[in-house]
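Below are the chains, spelled out letter by letter.
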Amino acid sequence: MARASAPPLSSMWVYAVGSTDCGWESAVGMTTIACDHGGEQLRTAVLEIGYGYNHIAWMNGGLLPSSTMYSSTPVCVTGSNYTWPCTAGQTVVGFLNEYNVDGHQNGLFKYQNTSTNSPWNTMSVQISIL
């Protein structure tokens, strides 16, 4: 897969929240997720456009260890849509980062990252999980 010259982070959002009780629920454009998540597993997925180097996540105010990010999938553009996984010949424009927050039934998930290049901007996003 080709990687473009590293564009700075330009946007990010919590893409989805998943749990044993609710399955995966789209979180695009939401500040609070609708389903009453719970059960053994609780997962979050953050979609970021651009390249970052300093992923930091918190759950209920507690800093999550870097090991809780269990997947980082390259994101490409197909037509006018962000898609993953990328196919041969596509250019990576961002990443879908997935976090394991098992042990939490609900609360506030926060994520931030800093661009790998100028202007080295830091972006953040959060979602309230019921």
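What counts and how
- Residue indices follow the written sequence of each chain, beginning from 1 at its first position.
- Since the coordinates come from a predicted model, pLDDT governs what is reported: local features require at least 70, and pairs of side-chain atoms require 80 or more to be given and counted, while whole-chain, interface and lining totals use all residues.
- Side-chain metrics in this entry use all non-hydrogen atoms of the structure; hydrogen atoms and water are not considered.
- Helix and strand definitions here come from DSSP, where helices need a minimum of 4 consecutive H or I residues and strands a minimum of 2 consecutive E residues; each element is numbered from the N-terminal end.
- Here the globule rule is a power law, 2.2 Å times the number of residues to the power 0.38, and the radius of gyration is based on C-alpha atoms.
- Note on classification: 1.4 Å probe, protein chains only; a residue is buried when its accessible area is under 20% of the maximum for its type, exposed when over 50%, partly exposed between these limits.
- By the convention used here, residues are in contact when the closest approach between their heavy atoms is within 4.5 Å.
- Note on areas: these come from Shrake-Rupley sampling with a 1.4 Å probe, and a residue is covered only by the protein chains present in the view.
- Whether two strands pair comes down to DSSP finding at least two bridges between them.
- Simply put, an axis is a line fit to the C-alpha atoms, just over the touching stretch for a helix, and the angle between two N-to-C directions goes from 0 to 180 degrees.
- The working definition used for a salt bridge is a side-chain nitrogen of Lys or Arg within 4 Å of a carboxyl oxygen of Asp or Glu.
- What makes a nonpolar core is a set of buried Ala, Val, Leu, Ile, Met, Phe, Trp, Tyr and Cys residues whose side-chain atoms join them at distances within 4.5 Å.

### Brief notes about the overall build of the protein chain
Scanning the protein chain from terminus to terminus reveals zero helices and 12 strands. Starting at the N terminus and walking to the C terminus, you meet the elements of the protein chain as β-β-β-β-β-β-β-β-β-β-β-β. The C-alpha radius of gyration of the protein chain comes to 15 Å, within 12% of the 14 Å expected for a compact globule of 130 residues. In terms of overall dimensions, the protein chain has C-alpha extents of about 40 × 30 × 25 Å along its principal axes. Counting only residues that meet the buried cut, the protein chain has 39% of its 130 residues in that class. For the protein chain, contacts bridging at least 24 residues in sequence account for 64% of all contacts bridging at least 6. Carbon and sulfur atoms make up 53% of the accessible area of the protein chain, which amounts to about 6500 Å² in all.

### Focus on the environment of Pro119
Mapping Pro119 onto the fold places it in the loop between strand S11 (107-114) and strand S12 (122-129). Given a relative accessible area of 54%, Pro119 falls into the exposed group. Once the C-alpha coordinates of Pro119 and Trp13 are considered, the two residues, 106 residues apart in sequence, prove to be 20 Å apart.

### Topic: the sheet that holds strand S7 (residues 69-78)
The strand order S3-S2-S4-S10-S7-S8 describes an open sheet built from six strands, whose pairing is antiparallel. Each edge of the sheet is formed by a strand with only one pairing partner; in this case those strands are strand S3 (23-26) and strand S8 (81-83). Between one strand and the next, the sheet's axes are offset by a mean angle of 25°, whatever the strand orientation. Judged from the six bridges that link them, S7 and strand S10 (residues 94-100) form a sheet pairing that is antiparallel. Within the sheet, the bridge partner assigned to Ser71 lies in S10 and is Glu98.

### Comments concerning unusual backbone geometry
In this model, Trp84 is joined to Pro85 through a cis peptide bond whose omega is -5°. Along the polypeptide, Pro85 turns up in the loop between S8 and strand S9 (91-92). Here the bond from Ser118 into Pro119 is cis, since omega is 10°, no more than 30 degrees from zero. Phi is positive for Asn60, which is not a glycine, with a value near 55°.

### As for the environment of Asn60
Counting through the fold element by element, Asn60 comes out in the loop between strand S5 (56-59) and strand S6 (62-63). Here Asn60 is in contact with His104, Asn106, Gly107 and Leu108, once residues within four sequence places are set aside.

### Let's talk about the pattern of salt bridges
Under the definition given, this model contains one salt bridge. Put simply, Arg43 and Asp102 hold a salt bridge, and the shortest N to O gap is 3.0 Å. Residue Arg43 is found in strand S4 (residues 42-49), and its partner Asp102 is found in the loop between S10 and S11; the two are separated by 59 residues along the sequence. You can call Asp102 partly exposed: its relative accessible area is 31%.

### What about the nonpolar core?
Here is a general trend for soluble globular proteins: nonpolar side chains tend to be buried in one another's company. One finds Val14, Val17, Met59, Phe109, Tyr111, Ile127 and Ile129 to be the most contacted residues of the largest nonpolar core, which totals 18 residues. Listing elements by their share of this core, those giving two or more residues are strand S2 (11-19), S4, S5, S11 and S12. In this structure Tyr111 touches Met12, Val46, Glu48, His55, Ile56, Ala57, Trp58, Asn97, Tyr99, Met123, Ser124 and Val125, once residues within four positions along its chain are discounted. Counting residues in each nonpolar core, the second largest holds five residues, with Tyr51, Cys76, Cys86 and Phe95 among its members.

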